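Residue-level structural notes
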Amino acid sequence: MGSTSKRQLPLSSSSSSSRAASGQGNAAVRFKTSASRRSVTPNSRVHSNEDDSDSGRVRVAVRLRPRNADDLLSDADFADCVELQPEMRRLKLRKNNWSSESYRFDEVFTESASQRRVYEVVAKPVVESVLNGYNGTVMAYGQTGTGKTYTLGRLGNDDASERGIMVRALEDIIANTSTSDSVEISYLQLYMESIQDLLAPEKINIPITEDPRTGEVSLPGAAVVKIRDIDHFLQQLQIGEANRHAANTKLNTESSRSHAILMVYVRRSVHKKEDEISSQEKVNRSDVPGGSRIPIVRKSKLLIVDLAGSERVDKSGSEGQLLEEAKFINLSLTSLGKCINALAENSPHIPIRDSKLTRLLRDSFGGSARTSLIITIGPSARHHAETTSTIMFGQRAMKIVNMVKLKEEFDYESLCRKLEKQVDQLTEEIERQQKLRKNDTDELEKRLRECQNTFAEAEKNLVTRSEFLEKENTRLELEMKDFLNELNHQKDLNVLMRDEVASLEMSLKHSKQYQLENSTCQQVLADTTQMYEKKIAELIKQLGDERAHYETAEEQLDVIKKLLSESQQKIQQQKTENSTYQKALADTTQMYEKKIAELTKQLEDEHARFEGAEEQLDEAKNLLSCHQKPMQDEIDELKMRLHEMGRHQELSVNELQSLQSEYNDLLSEKATLTEELHAVNQTLSVEEKQRKTIENELVKLKKLVPENDHDFEDKKSYVKESIGKESSAFGAPMGLHKSNPSRETISGQRATIAKICEEVGLQKILALLTSEDLDVQIHAVKVVANLAAEDINQETIVEEGGLDALLLLLRSSKSTTILRVASGAIANLAMNELNQGLIISKGGGQLLANTASKTDDPQTLRMVAGAIANLCGNEKLHMMLKEEGGIKALLGMVRSGNSDVIAQVARGVANFAKCESRGIIQGHRKGRSLLVEDGALTWLISNCNTASASTRRHMELALCHLAQNENNAQDFKSSGGVTELKRIAAESTREDIQNLAKKTLKSTPFQAEIHAEL
């Protein structure tokens, strides 16, 4: 986007002048430490006396955790292995009573140091640098249980003085930013080498990208939340802490199982005076229209890293999933230590890419960020090796010198928005001017066209007028000539009139002779008229006969219509009859036309002979036409009926053709169905062959797979008890076999199962779960259970329908072995949060409850209890689990009296109570506990003292978490729970449980009970 200005961090007045001289540049943000840098150890608290190379050195402080009850109990006969000298900023580490080593740090905090002092010394200088435009990092490193999360991420809801560095840092940042500045955060965790978003838990395995030009590391898939105020930040932090992975170990009841990284992005506008503007900025300003100054912003990033504690497996007691988590934690911390060693020794190769943690912290060590490291240690001599390793890590980190750089950028985005707005305004103004100019042009063109039309119309009128006058002149001349000719013609007429008068006088003389001849003609005309009247009467009679003949023909046509509607087979006969009638009609018509022609001829002959009788003949013709018109109408009607009959015939033929086509379609469809049936039969035969092939392969598998139940691996990652107290694989009786096979045996079984899965295929193995052969089902479900014991196989099993097949076995099978092994496989799948939701949504909770109710086998009950206990660890499923009877079934399994079953029941109740307590603290869970409603409280109180140590620990945790719900206070008072809480606070073997019980007893609901007893 724009050019970037970077300057070294000003720590004193002497360094500010050098910053102005070498402040501008285009170098990358990240710089590796040069080969010439040296190890620097501070000799004074006065920062103004430190040189430039010391200004970017990693600052390291050490904090000592107070002794707890475990330390007091185990180290009663030994002195502390650590001696602090805070005034000299030194720490002495005793190897034995006569030998010790001294180490110097930037700051040493005793066990009584307050959270505020730790923040002001360690983190506040970094926060101030971030506000000034520099990147910064605050990180905590140390053994598990030494107070890293307390130092960094403590919320301090009950006591504000206990707030950690995260909350205090955001308080200072928000207080020193204005409304024009922005503060955004991302909260992530590195869990088993997978980056997950704590603010959006659905985002997992987020990739890391690096800018090839600047080397900056970014996480494009992480959620970025803009912070409004400190309350908003606390709310987001609580959400993230609730989603972070934690577990209960021997060293820490709330041990973090992931590295937490809080990323704070600060963007601040910079307002410089005229004399502070550099020459390059003035050149850039000259390129901007109007000479406007380009705004400058400072973008900085603060990383607050809460590393998971390093631990030794033999001390933490981790196993199963916890063991896998510990491996990844120690692996990433080892990679970080290698990078610190390489940087401290000026090695040419820095193994940054060995771990995602080192890639994320690339800028913090050997980069351009100002980094502060606080290492936390414990006083116990039992952890002397871990304390020594932590101190040496801090000593090596103090040798690293970062090249702290200021990152300033021209805010081209805001300038671009401003210029775009001006361009839009100017564009609108230009468009408005162009529109006005266009309107003026249109108006002028319109006026010009009107003037041209008026001129053309006037010219046309003149031409028309001229032509009219010429025509009028010509007409007058012609009229004058006609008038002269008329006068001449009148003269000629006068002459003719004279001749006509003479002729009339001559005709008058002859008229008398014509009168005599006329009387004779009248007599002859009367006789002729009588003769014609007789002929007309005969014609009328003939017309009546023809009408009767037509009526008969009409009746016959009706009969034909009826015959046509009765049967379609007589169509041809009807056609013949119709043609006959048409022929008869044509003959009759022709006959009448001949007669009419004869009459006409006779009339013409009579007219020729008797011209004087024309009027009588006309009357006879009119009479004949009047009688001929009704006959023509009847003929037309017959033609219409015949046409209608032809149309009905065509419809019948079309219908017959349609039926024929439908019949042909049915025949073709029948042929198609026959072909499909043949194809289905072939498919069934092929599937039958495949089934037989699979059964043959299964016979081979039986020879490879061990026959005894205990030869298969039983994954026990969900049971947090000692190895010696576990039962054998898939429910073998206690004492018959060793509780856990050796590592060699487990490796051999895993190799065998992997080989079987590769040779046969997972789909075929799952298909065998539905076999009708009970022995085949047992062997197949054992293989699936062993595959489900590995996390890498669980997703594939669920996708291929393995979960559905296992649930179907629980629903339908009556074999105790199948129920036991299928329940164990479901328990292994229930270790995954996504699988938990699928199990409940498919009715798994109810099936597990039904299985528990219909069996008394202790090992089957142990597997079912373990599966339900894992489901209890998901707060979202609590209500559905209760509705399906899972809680009642879990508590009902104590009827067996088996210690292993009771241990799983106690673990499930503890998981359920812990999730409920967390939901109440976070504010999205209210009301009386679902466990209390099902009678779990009474069972816990009555069995808390009689169970084994591990089971009793789960029961005590469950009681403490249930007591934190104020709605359960009345039940605790009425059932004697308060007395049990007092006993736990005084006699529990775990200090964290004692503290939790004491904290609960101090709450308001139990104060009145305690005072009453006093």
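Once that is clear, we can look at the pairing of strand E15 (residues 259-270). In this sheet, E15 lies alongside strand E8 (residues 182-191) in antiparallel orientation, the contact comprising nine bridges. Following the sheet pairing, tyrosine 187 is matched in E15 by leucine 262. Across eleven bridges, E15 lies against strand E16 (residues 296-306) in antiparallel orientation. By the bridge assignment for E16, valine 264 is matched with leucine 302.

On to a negative patch on the surface. On the surface, Glu420, Asp424, Glu428 and Glu431 cluster together into a patch of negative charge. Summarising the element assignment, glutamate 431 is placed in helix H13 (residues 412-566). Glutamate 431 sits in the partly exposed class, given a relative accessible area of 49%.

Quick look at the environment of threonine 388 now. The topology assignment puts threonine 388 in helix H12 (residues 384-397). For threonine 388, a relative accessible area of 22% corresponds to the partly exposed category. A sequence separation of 294 residues divides threonine 388 from arginine 94, and the C-alpha atoms of the two residues are 9.8 Å apart.

Turning to the state of the cysteines, a few remarks are in order. Scanning all chains against the criterion turns up zero disulfides. Its sulfur unpaired, cysteine 915 is 8.4 Å from the next cysteine sulfur, which belongs to cysteine 872. The class of cysteine 915 is buried, set by a relative accessible area of 7%.

What follows is about unusual backbone geometry. Peptide bonds are, in most cases, trans, and in most cases residues other than glycine have a negative phi. Unusually for a residue other than glycine, methionine 192 sits at a positive phi of about 50°. In this fold, methionine 192 is placed in the loop between E8 and strand E9 (194-197). The partly exposed category is assigned to methionine 192, whose relative accessible area is 23%. Residues other than glycine seldom take positive phi values, yet asparagine 346 does so here, at roughly 55°. The class for asparagine 346 is partly exposed, based on a relative accessible area of 31%.

In this section: the sheet that holds strand E4 (residues 90-94). Pairing is antiparallel in the open sheet, where three strands are placed in the order E3-E4-E5. The open sheet has two edge strands with one neighbour each: strand E3 (82-85) and strand E5 (100-104). Each neighbouring strand pair of the sheet contributes to a mean axis angle of 20°, computed without reference to strand direction. Docked against the sheet, H12 engages E3, E4 and E5, running at close to 150° with respect to E4.

Our next topic: the confidence of the model for the protein. Within the protein, residue pLDDT values average 77, and 75% of them lie at 70 or more. Below pLDDT 50 for its whole length, residues 1-53 participates in 105 contacts with residues either more than four positions away or in separate chains.

Another aspect to go through is a nonpolar patch on the surface. A contiguous nonpolar patch, built from Met480, Phe483, Leu484 and Leu487 and spanning about 440 Å² of accessible area, is present on the exposed surface. Among the secondary structure elements, phenylalanine 483 is positioned in helix H13. On the basis of relative accessibility, which here comes to 54%, the residue phenylalanine 483 falls in the exposed class.

Locating threonine 177 in the fold gives a position in the loop between helix H6 (165-175) and E8. Of the polar contacts made by the side chain of threonine 177, one reaches the backbone oxygen of isoleucine 173; its length is 3.1 Å. There is a polar contact of 3.1 Å between the side chain of threonine 177 and the backbone oxygen of isoleucine 174.

Between helix H30 (residues 949-963) and helix H32 (residues 977-987), the least distance of the axes is 11 Å, while the angle of their chain directions is 125°. By the criterion of interaxial angle, the relationship of H30 to H32 is oblique. Considering the relative orientation of H30 and H32, their crossing is left-handed. Two secondary-structure elements touch here, H30 through Glu956, Leu959, Cys960 and Ala963 and H32 through Glu980, Leu981, Arg983 and Ile984.

Below, the discussion takes up the nonpolar core. Membership of the largest hydrophobic core comes to 84 residues, with the highest contact counts inside it found for Met893 and Val905. A per-element tally of this core places helix H18 (residues 774-788) first, with nine residues. Within the second largest apolar cluster, 49 residues are counted, among which are Val60, Ile206, Leu336 and Leu343.

In terms of burial, strand E7 (residues 136-142) is largely enclosed, as seven of its seven residues are buried. As paired elements, E7 and strand E17 (residues 370-377) share seven bridges and run parallel to each other. Paired with glycine 136 across the strands is arginine 370, a residue of E17. Taken together, the five bridges between E7 and E16 define a ladder with parallel strand orientation. Across the sheet, methionine 139 pairs through a bridge with valine 305, a residue of E16.

Calculation criteria
Position numbers for residues start from 1 in each chain and track the written sequence from start to end. The model is predicted, so local features are restricted to residues of pLDDT at least 70 and side-chain atom pairs to those at 80 or more, both for listing and for counting; the totals for chains, interfaces and linings are taken over all residues. Each side-chain value is derived from all of the structure's non-hydrogen atoms; neither hydrogens nor water enter the calculation. If DSSP finds at least two bridges between two strands, the strands pair. Strands are runs of DSSP state E lasting at least two residues, helices are runs of H or I lasting at least four, and both sets are numbered from the N terminus onward. A patch consists of residues exposed above 30% relative accessible area that lack any salt bridge, with like charges linked at up to 9 Å and nonpolar side chains (Val, Leu, Ile, Met, Phe, Trp, Tyr) linked at up to 5 Å. Note on areas: these come from Shrake-Rupley sampling with a 1.4 Å probe, and a residue is covered only by the protein chains present in the view. Should a side-chain nitrogen of Lys or Arg be within 4 Å of a carboxyl oxygen of Asp or Glu, the pair is scored as a salt bridge. His is not counted, nor are the chain ends, whereas Lys and Arg count as positive and Asp and Glu as negative. Working definition for charges: the position is that of NZ of Lys, CZ of Arg, CG of Asp or CD of Glu. A simple rule labels every residue: compare its accessible area, found with a 1.4 Å probe on the protein chains alone, to the largest value its type can have, and call it buried under 20%, exposed over 50%, or partly exposed in between. When two cysteine sulfur atoms lie within 2.5 Å, the pair is treated as a disulfide. Angles run from 0 to 180 degrees between N-to-C directions of axes, and those axes are lines fitted to C-alpha atoms, restricted for helices to the stretch in contact. We call two residues in contact when some of their heavy atoms are within 4.5 Å. A residue's pLDDT is simply how confident the predictor is in it, with values from 0 to 100. For the purposes of these results, a polar contact is taken to be a pair of N or O atoms within 3.5 Å, where, inside protein, one atom must be able to donate a hydrogen and its partner to accept one; residues adjacent in sequence count only when each atom of the pair is a side-chain atom. Roughly parallel covers angles under 35 degrees, roughly antiparallel covers those over 145, roughly perpendicular covers 65 to 115, and oblique covers all other angles. Take the far helix as the reference: if the near one is turned anticlockwise from it by less than a right angle, the crossing is left-handed, and if turned clockwise, right-handed. Remark: nonpolar core denotes a set of buried residues (Ala, Val, Leu, Ile, Met, Phe, Trp, Tyr, Cys) joined through side-chain atoms within 4.5 Å.

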